[in-house]
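In case you want the letters, here they are:
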Amino acid sequence: MRNLPTTYDPKDVEERLYTNWEAQGYFRADPDPEKKPFTIVMPPPNVTGQLHMGHALDNTMQDILIRFKRMQGYNALWQPGTDHASIATEVKVIEQLKKEGIPNKEVLGREGFLKRAWEWKEEYGGRIIKQLKKMGSSADWQRERFTMDEGCNKAVEEVFVRLYDKNWIYKGSRIINWCPVCQTSISDAEVEHEEQAGHFWHIKYPIVGEDGFVEIATTRPETMLGDTAVAVNPEDERYTDLVGKMLELPLTGRQIPVIADAYVDKEFGTGCVKITPAHDPNDFEVGKRHDLEEINILNDDATINERGGKYCGMDRYEARAQIVKDLEELGLLVRVEDHVHNVGTHDRCHTTVEPMIKPQWFVRMKEMAETCREALEDGRLTLVPERMNKIYLNWINNMRDWCISRQLWWGHRIPAYYCEDCGETVVHKGGAPAVCPKCGGTHFHQDEDTLDTWFSSALWPFSTLGWPEETEALKYFYPTDVLVTGYDIIFFWVIRMVFSGIEQTGQVPFHTVIFHGLVRDELGRKMSKSLGNGVDPLEVIEQYGADALRFTLVTGNAPGNDMRYSETKVQASRNFANKIWNASRFILMNLDEDLPETVPAEDLEAADRWILSKVNDLVRDVTDNMEKYELGLAVGKLNDFFWDEFCDWYIEMVKSRLYGEKGTSRTTALWTLKAVLRTALKLLHPYMPFITEEIFSYICPDEGSIMISDWPVYQEAWNFPAEEEEISVMKEAIRAIRNIRATMNVPPKTKATVYVVTTDAHVADIFRRGAGFFAPLSFADQVIVQEDRTGLSESAVQIPLQNGSAFIPLEQLVNLDKERARLNKEKDRLAGEIERAEKKLSNERFVSKAPANVVEEERNKVVKYNAMLQEVVTQLARLG
RNA sequence: GGGGAUGUAGCUCAGUUGGUCAGAGCGCUACGUUCACAUCGUAGAAGUCGAAGGUUCGAGCCCUUUCAUCCCUACCA
């Protein structure tokens, strides 16, 4: 125990402690009516996923809160699990098949493919969980769930049936976003917009029966194959005569009408817009209004279909080039402009998305969007930071029906069955219905589509707890308390959980959502695979330890803000861990006597009282910050307290007592060291679980694990405001002396007697009592406290105190001119302070309007600085 | 077009309800290794808190305007 290494080695302890915590069942949470629950559901990482910095940040924050609440006595459940991630996983499995020479999933068939997918999940699905454990995550792993497990599937079918029965889920042919590579529809939220340089082709459409033309402009000439009208604004005088006439659609031989629709912007382009209802969302709407034909000219892989005539079989871009060429030859191409426009791409594969009309399943959002709004506005839901409210409401205000069907195999299959006899659609949970309610038929085939992954994620807070069964866990832990997640999925996930929770359970699934930002690289760029700038958290843990990584991720970061990751930050955290280690090691080295349970208050010396008071304040402040989810502020205070107050001051102050003889003073110092360290370790534990547990086992060997120990509370017995004041006087004096010695280049080895000259009994008392540490910290061989300048020469170096002065007889080392200059500078500084304070006080409105304590403080300042100024003036006079 | 964020020391950022808040870490300068730690200590240099107005006795902190950077969102073909 006395021979701990001088540096902390995380590798030595992390795995051992984690294994033990898990074995002891400390992470488990079961319903217990005696305790209050506190629940966080873990945002389920993709089963395909590998731990990245985003996960690391997200999980660190959750673990901090869970450990904090657990120590506070809550029955803290952190509910973990993974997400099946339909597209991501399906893509991975297909990749694997390709490596084996299987060209596509159809070769295996649906059953065969799913079998492979499950095998893949069994093999790799646990990887991310293992990685989360390396972070120190104290989730209840026995409750680990998977969005596609039996229970979640039940929940999904239940919700689907309920919403369908309510008419809030419907099937319809609508224009949706189609990914030609993934061969599936995707929701609006999965579309990313990229600015791309393109062109504006101006094309002439001949007017039937006349010589004239209509000029239209388009960025996508190939879609003209599907044009069924040209639209102008009804207010546009230029084209009033045109409306109702027919145009000849070049390259196709078809005739299309000119229609009037307010959607057209007169000012933009030529004021004439080609309308392609089958391949543009706006045109689709226009088409509906004017009852236009919808001509789909594309195959699912975005090649032109048979409706495209000679262009049939060409890829969309190939067709575009050919069409432009052909138009040019026909003399119908007026001109080509460069044009930058936004192109929708699929967020998974970055393929340009193609709007297409497809029969798909939708969730009606109107009513549920309103319930989301109400939950926020009536305070049942709180978002941290508050500005997320605006973003949340912005989404709510623009919410459109949610396309939930996907043409994929890996996912929850839509529980809709079609009667083979009459074609009736029957939505049914737990497999196909026995009998068709319409015709009595008994043969059905199930809808081929699966559900958007987020449909099951939306149920996560309650499906994981057993819903739709009324389980004990559900009753006890639901609704959950806090959700921690990135602001980037507020729409994908948070809003959908909110409306699903309210709709299905009648309750908002959590009362608070804490948003964090992105972890960026040193240059502020997003970490991404394509850039190759991602930092692997596991490698950081390997090199610096999980505690250092965790500490880094929450330090100096305000909620909702992005942060930049840099290795030097981790090094700083590692250094802090090492500081904790060594301070503890120092205490252990000296802890060679049995300490009493408590120490009588009268035995506590000023320094002891001061540090106890400080740590007591720390308990209050840190707890307060953590309850407000201000983790960055809390961790900053912990760092400052431990390093500055405890290590740099208190430990230095008590060294002389520790090195001295055994007795009350030494015992009291040891007791205080231990008490403060013990408290600080507890406060630090949520942030740095490993090192604190390891040290706690040495410092408090009889107290068991720190992670299930009690969270410290503020205690009046440790409140010593007088000593806080007293020690700050001493600290100021010590700093001043050190400063002077440094500027005069006096080496620490040169000891000098420090004289404290004061007629103020209180000040004299402070320095007499504190001489034990005042002397070594101010490099003095002794401290003499007296009422006058006996034994001091005129030119002794003077340090003004509040009521008196400290003197150091270093005359031989001092250049008198320099000393005069120094004192004059000090005089000016003090005079400046006094002037500023007096100016404030002479302002009547300040005196009358500012709070009394603020005014009082200014008055005290004047008194204090005046006294110090007097000392300096006297000394200057002495030097002549 | 709409919405949001950021702008504080050379770099990365804190600053919680307006009143010692002008801060921290890294970097830099000087000095220092006998007794916890050089993954350390002591001292120091460094910022008109993007700019301009305003509210207030008092403003990085509140209001207005403005400049710069970034993100989200949107149907200008």
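Here the structure is a predicted model, which is why all the values come from computation and not from measurement.

Regarding the overall build of chain A
For step 1, the next point in the chain: Counting secondary structure elements, chain A contains 26 helices and 29 strands.
For step 2, the next point in the chain: Taking 2.2 N^0.38 as the reference for a compact globule, 880 residues should give roughly 29 Å; the C-alpha atoms of chain A span a radius of gyration of 37 Å, well beyond that estimate.
For step 3, the next point in the chain: Per-residue burial for chain A yields a buried fraction of 55% across its 880 residues.
For step 4, the next point in the chain: Within chain A, counting contacts between residues at least 6 apart in sequence, those at least 24 apart form 78% of the total.
For step 5, the next point in the chain: For chain A, the exposed area adds up to about 39000 Å²; of that, 48% sits on carbon and sulfur atoms.
For step 6, the next point in the chain: Between the centroid of the 104 positive side chains of chain A and the centroid of its 139 negative side chains there is a distance of 4 Å.

Overview of the nonpolar core
For step 1, the next point in the chain: Of all hydrophobic cores here, the largest spans 136 residues; its most connected members are Phe642, Phe646, Tyr687, Phe767 and Phe774.
For step 2, the next point in the chain: It is helix H19 (residues 631–659) that contributes the most residues to this core, 14 residues altogether.
For step 3, the next point in the chain: Not counting chain neighbours up to four residues away, the residues in contact with Phe642 comprise Phe576, Lys579, Ile580, Ala583, Cys647, Leu677, Ala680 and Leu684.
For step 4, the next point in the chain: If you look at the next biggest cluster of nonpolar residues, it comprises 63 residues, including Val156, Ala416, Phe477 and Val508.

Here we look at the protein's contact with RNA strand B
For step 1, the next point in the chain: For RNA strand B, the set of nearby residues contains 55 residues, the closest of which are Phe268, Asn342, Arg585, Trp643 and Lys849.
For step 2, the next point in the chain: Each atom of RNA strand B within 4 Å of the protein belongs either to a base or to sugar and phosphate, the latter forming 59%.
For step 3, the next point in the chain: A distance of 3.3 Å separates a phosphate oxygen of RNA strand B from a polar side-chain atom of Asn561.
For step 4, the next point in the chain: Counting residues per element, the surface near RNA strand B draws most heavily on helix H17 (residues 567–590), which supplies 11 residues.
For step 5, the next point in the chain: Looking at the surface near RNA strand B residue by residue, the class counts come to 21 nonpolar, 14 polar and 20 charged.

Brief notes about the sheet that holds strand S19 (residues 425–427)
For step 1, the next point in the chain: Pairing within the open sheet is antiparallel, and its 3 strands lie in the order S19-S18-S20. Here the strands that pair on one side only, and so sit at the sheet edges, are S19 and strand S20 (444–446). Each adjacent strand pair in this sheet contributes to an overall mean axis angle of 30°, direction not counted.
For step 2, the next point in the chain: Sheet analysis places strand S18 (residues 416–419) next to S20, joined by 3 bridges and oriented antiparallel. Within the sheet, the bridge partner assigned to Tyr417 lies in S20 and is Gln446.

Definitions and limits used
- Residues numbered from 1 in each chain as written.
- Chains lettered and ligands numbered in written order.
- Predicted model: local features only at pLDDT ≥ 70, side-chain atom pairs only at ≥ 80, totals over all residues.
- Heavy atoms only, no water.
- Helix = DSSP H or I, 4+ residues; strand = E, 2+ residues; numbered from the N terminus.
- Rg over C-alpha atoms; globule rule 2.2 N^0.38 Å.
- Buried < 20%, exposed > 50% of the residue type's maximum accessible area, 1.4 Å probe, protein only.
- Contact = heavy atoms within 4.5 Å.
- Areas by Shrake-Rupley, 256 points an atom, 1.4 Å probe, with all protein chains shown as cover.
- Lys, Arg positive; Asp, Glu negative; His and termini not counted.
- Charge placed at Lys NZ, Arg CZ, Asp CG, Glu CD.
- Core = buried A, V, L, I, M, F, W, Y, C linked by side-chain atoms within 4.5 Å.
- Near = heavy atom within 4 Å.
- Polar contact = N/O pair within 3.5 Å; in protein donor to acceptor, adjacent residues only side chain to side chain.
- Nonpolar A, V, L, I, M, F, W, Y, C, P; charged D, E, K, R; others polar.
- Pairing = 2+ DSSP bridges.
- Axes fitted to C-alpha atoms, helices over the stretch in contact; angles between N-to-C directions.

In short, shape yes, function no, at least from these values alone.
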